Number of protein chains: 2
Amino acid sequence: MSRKFNFSAGPAALPEEVLQQARDEMLDWHGLGLSIMEMSHRSEAFVSVASQAEQDLRDLMGIPDNYRVLFLQGGATSQFAMVPLNLMGDNGSADYINTGIWSKKAIQEGGRYGKVRLAASSEDLYFSRVPSQDELDLDASAAYVHYTPNETIGGLEFDYVPETGAVPLVADMSSTILSRPCDVSRFGLIYAGAQKNIGPAGLTVVIVRDDLLGKAAATTPAMFDYKVHADADSMNNTPPTFGWYLAGLVFQWLKRQGGVAAMETVNRRKAEKLYGFIDASDFYANPIEVGSRSWMNVPFTLADSRLDTRFLEQSEAAGLLNLQGHRSVGGMRASIYNAVPESAVDALIDFMRDFERRNG
Amino acid sequence: MSRKFNFSAGPAALPEEVLQQARDEMLDWHGLGLSIMEMSHRSEAFVSVASQAEQDLRDLMGIPDNYRVLFLQGGATSQFAMVPLNLMGDNGSADYINTGIWSKKAIQEGGRYGKVRLAASSEDLYFSRVPSQDELDLDASAAYVHYTPNETIGGLEFDYVPETGAVPLVADMSSTILSRPCDVSRFGLIYAGAQKNIGPAGLTVVIVRDDLLGKAAATTPAMFDYKVHADADSMNNTPPTFGWYLAGLVFQWLKRQGGVAAMETVNRRKAEKLYGFIDASDFYANPIEVGSRSWMNVPFTLADSRLDTRFLEQSEAAGLLNLQGHRSVGGMRASIYNAVPESAVDALIDFMRDFERRNG
């Protein structure tokens, strides 16, 4: 067996220690004689796993007591509907900030449930930077403000948390959650598909301030009502037990690394190394303004795009996997989430330097 | 490591061979240097796994070409809303057959989206049998007829497929799918949460006749619209990749066992043995009429319920896990899905005989 460096944007790399533990206890969890996947979600054993995962996430993120943590299904794409269905209110209006493909998906689905007002958009700048606080045109009567702290495809990221006064701030943190400290009390609701920084695909984490529960529109399916899930501790129906368990292993791994403050140090260093190398080269380029660059997803292009195929073939042969950019934008993209070690970034830079020398 | 016999109702036992394979390739899938969980759902490798799983399910069930197979999230509980949202039509009405707790959940959620008409109910018989075809009061103008072929909690099961003429038949097959042959062409739509006979929790399989697609109500969230998923081959957003993969391993295991015809033989024998033993005893009892008994979920009571706790403690000590009945009904329940081997049923009967001798 030979593990390679995996720069996939999602489903993405998981910590090797976590996979090893899941492997070792796959047929017999803690000597009980069955897999964690084969247990009732209401069994004492699974409930303890589930509760511990929630507590570890609360510890890692410093989640205040007046927030509920939900372990759901359906991905961020389901949240694009759940957020307006639960928070828009009757005849409501919400503010959205458009910074790229994921923002636009949220806006498109959100508009089906009420009025979606554009508080700011980077589209006329080809999504090369996020809007500043000054550029936000906020409606004080909005039901909420929705934004995407990190755009996985575009590779741009907010370097600040928008100030929205009394209006609840809603964030799609799928690709940036747990990558650094975050003041949860600034948000009304945070959601994240697990498959980037938390665990396997099929699990969605929602962190919601409790005063926002219980206001779902009458047409909301029960499974799309946050209160239904909060009242049942995310066990209104059978939750994705393996994903929840694996997320718990990731949270414990994060604690062993020193928590999100330690991850911030490593993630900053990884990003600075890679952007620093790209900026120093005429062969590679990144299109995002320096202050808006993503720490998690680093898109880059070659000066001569005819070399793209060769770059991808040779990087893969060198054990650097999944560097192809998203099909909508082309080029390359290195996703360097928590579970991608600094040694992977070092190996990537070495390869890029060598490739440039041979082809530049 | 010592695997025990697991009679959990769900999440339920998985074939040991499947768990072994998943374990062995957990860190390095087919020599690619990463886990199946760490791959993009759009990668060549994962798409081949996903397509093969669909094809194997089509082979196993003989699914006609004019049916789509969807791999979704959210469990049967999401289907309780998706079915009416997609099939009810404007101001529509649908017929539901009530045979127990899962039927009632479908009826309750369905009633939020249109008129739910009760075509038959076994409630006045304490759900001790399913209604016969003659007892079905069907509305020829109904949008569909919904029923629950097997009630996981009550332990009763239809021994026939209702004839509904031109009205599409919709079945919640969560706890009986793949346990024996089934003529899919009799159905408009079949859905099943995976965590009983297919794979891990967090995956839902939907088999839908293609003329029923594209009719969702305007208020339907995109993620609840079957057509959205069908058009995207279940990859409108990131699917639960590990569950899909594991389901594929289960389908291949089923093929190696000889398919659903072979499972039928084994499952019939398992059920006949266990019911035969219970019926021959005055110490144990099953409340369901013989023709309506579930092959998958066998509830039983002790003549003296004060012995329940002792029975559960001693059966667990004997390596027979999860025999406690559902919290809503009490008593015992042995779920004997495909992955529960005949030797487990033999061991259970041996234990029950011995327990009766010691306590009867």
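Residues numbered from 1 in each chain as written. Chains lettered and ligands numbered in written order. Predicted model: local features only at pLDDT ≥ 70, side-chain atom pairs only at ≥ 80, totals over all residues. Heavy atoms only, no water.

## Examining the overall build of chain A
Reasoning step 1: Within chain A one finds 9 helices and 14 strands.
Reasoning step 2: Along the first, second and third principal axes, the C-alpha set of chain A runs to 60 × 55 × 30 Å.
Reasoning step 3: Residues classed as buried in chain A amount to 62% of the 360 residues present.
Reasoning step 4: Across chain A, contacts joining residues at least 24 apart in sequence account for 66% of those joining residues at least 6 apart.
Reasoning step 5: Accessible area of chain A: about 13200 Å², with a carbon and sulfur share of 47%.
Reasoning step 6: The averaged location of the 45 negative side-chain charges in chain A is 3 Å from the averaged location of its 32 positive side-chain charges. (Helix = DSSP H or I, 4+ residues; strand = E, 2+ residues; numbered from the N terminus. Buried < 20%, exposed > 50% of the residue type's maximum accessible area, 1.4 Å probe, protein only. Contact = heavy atoms within 4.5 Å. Areas by Shrake-Rupley, 256 points an atom, 1.4 Å probe, with all protein chains shown as cover. Lys, Arg positive; Asp, Glu negative; His and termini not counted. Charge placed at Lys NZ, Arg CZ, Asp CG, Glu CD.)

## Overview of the sheet that holds strand β3 (residues 93-98) of chain A
All names here are of chain A.
Reasoning step 1: Sheet architecture is open: 7 strands sit in the order β2-β10-β9-β8-β5-β3-β4, paired in mixed fashion. The outermost strands of the open sheet, each flanked by one partner alone, are β2 (67-72) and β4 (115-121). The mean angle between the axes of side-by-side strands here comes to 20°, regardless of whether they run parallel or antiparallel.
Reasoning step 2: As paired elements, β3 and β4 share 6 bridges and run parallel to each other. (Pairing = 2+ DSSP bridges. Axes fitted to C-alpha atoms, helices over the stretch in contact; angles between N-to-C directions.)

## Comments concerning the domain arrangement of chain A
All names here are of chain A.
Reasoning step 1: Its domain assignment divides chain A into domain 1 (16-256) and domain 2 (258-359).
Reasoning step 2: Every contact between the two is made by 27 residues of domain 1 and, on the other side, 26 residues of domain 2.
Reasoning step 3: Carbon and sulfur atoms supply 55% of the area buried between domain 1 and domain 2, which totals about 2100 Å² over both sides.
Reasoning step 4: Among the residues domain 1 hides against domain 2, the three largest losses belong to Ile153, Gly155 and Arg180. Together they make up 22% of the total.
Reasoning step 5: Where domain 1 meets domain 2, there are 1 salt bridge.
Reasoning step 6: A salt bridge links glutamate 289 to arginine 129; its shortest N-O distance comes to 3.9 Å.
Reasoning step 7: At the boundary of domain 1 and domain 2, one finds 15 residue pairs in polar contact (both at pLDDT 80 or more).
Reasoning step 8: The set of elements that each furnish at least two residues to the side of domain 1 that touches domain 2 consists of β6 (150-151), β7 (156-157) and α6 (241-257).
Reasoning step 9: No other element matches the 4 residues that α6 contributes to the side of domain 1 that touches domain 2.
Reasoning step 10: Looking at the side of domain 1 that touches domain 2 residue by residue, the class counts come to 10 nonpolar, 9 polar and 8 charged. (Domains from an automatic or database assignment. Buried area = accessible area lost by both parts, 1.4 Å probe. Salt bridge = Lys/Arg side-chain N within 4 Å of Asp/Glu carboxyl O. Polar contact = N/O pair within 3.5 Å; in protein donor to acceptor, adjacent residues only side chain to side chain. Nonpolar A, V, L, I, M, F, W, Y, C, P; charged D, E, K, R; others polar.)

## What to know about the side chain of aspartate 308 of chain A
Residues and elements named next belong to chain A.
Reasoning step 1: Structurally, aspartate 308 can be placed in helix α8 (residues 308-317).
Reasoning step 2: Within the buried set, aspartate 308 has no salt-bridge partner at all; the shortest N-O distance to an opposite charge, 9.4 Å, is to arginine 306.
Reasoning step 3: Those residues in contact with aspartate 308, other than ones at most four positions away along the chain, are Leu302, Gly331 and Met332.

## Observations regarding the relation of the copies chain A and chain B
Reasoning step 1: By a simple turn and slide, chain A fits onto chain B: the slide is 0.0 Å along the axis, the RMSD is 0.0 Å, and the turn is 180°. Accordingly, the operation relating the two chain copies is best matched by a two-fold axis. Residues of chain A ranked by C-alpha distance from the rotation axis are headed by arginine 23 of chain A, positioned 2.5 Å from it.
Reasoning step 2: Mapped onto chain B, 100% of the interface residues of chain A again fall at the interface, so both copies present the same surface. (Least-squares fit on C-alpha atoms with pLDDT ≥ 70 in both.)

## Side note on the sheet that holds strand β11 (residues 284-285) of chain B
Residue and element names in this part refer to chain B.
Reasoning step 1: In spatial order, the strands read β11-β12-β14; together these 3 strands make up an open sheet with antiparallel pairing. The sheet is open, and its two borders are formed by β11 and β14 (332-335), each paired with just one other strand.
Reasoning step 2: Inspection of the sheet shows strand β12 (residues 297-302) paired to β14 by 4 bridges, in the antiparallel sense. Within β14, the position partnered with proline 299 by the bridge is arginine 333.
Reasoning step 3: Its contacts with the sheet put helix α7 (residues 259-279) on β11, β12 and β14, and the angle it makes with β12 is roughly 15°.

## With respect to the pairing of strand β9 (residues 189-193) of chain A
Residues and elements named next belong to chain A.
Reasoning step 1: Burial within β9 is extensive, with 5 of its 5 residues counted as buried.
Reasoning step 2: On β9, burial covers both faces: Leu189, Tyr191 and Gly193 on one face and Ile190 and Ala192 on the other are all buried.
Reasoning step 3: Here strand β8 (residues 169-172) runs beside β9; their pairing, made up of 3 bridges, is parallel. Looking across to β9, one finds that alanine 171 is bridged to isoleucine 190.

## Describing the packing of helix α8 (residues 308-317) of chain B against helix α9 (residues 342-359) of chain B
Residue and element names in this part refer to chain B.
Reasoning step 1: Close contact between α8 and α9 brings their axes to 11 Å; oriented N to C, the two are set at 135°. As judged from the angle between their axes, α8 and α9 are oblique. Along this stretch, α8 crosses α9, giving a crossing that reads as right-handed. Residue-level inspection shows Arg310, Phe311, Gln314 and Ser315 of α8 in contact with α9, the latter providing Phe351, Met352, Phe355, Arg358 and Asn359.
Reasoning step 2: Across the contact of α8 with α9, the residue classes tally to 4 nonpolar, 3 polar and 2 charged. (Parallel < 35°, antiparallel > 145°, perpendicular 65-115°, else oblique. Left-handed = near helix turned anticlockwise from the far one by under 90°.)

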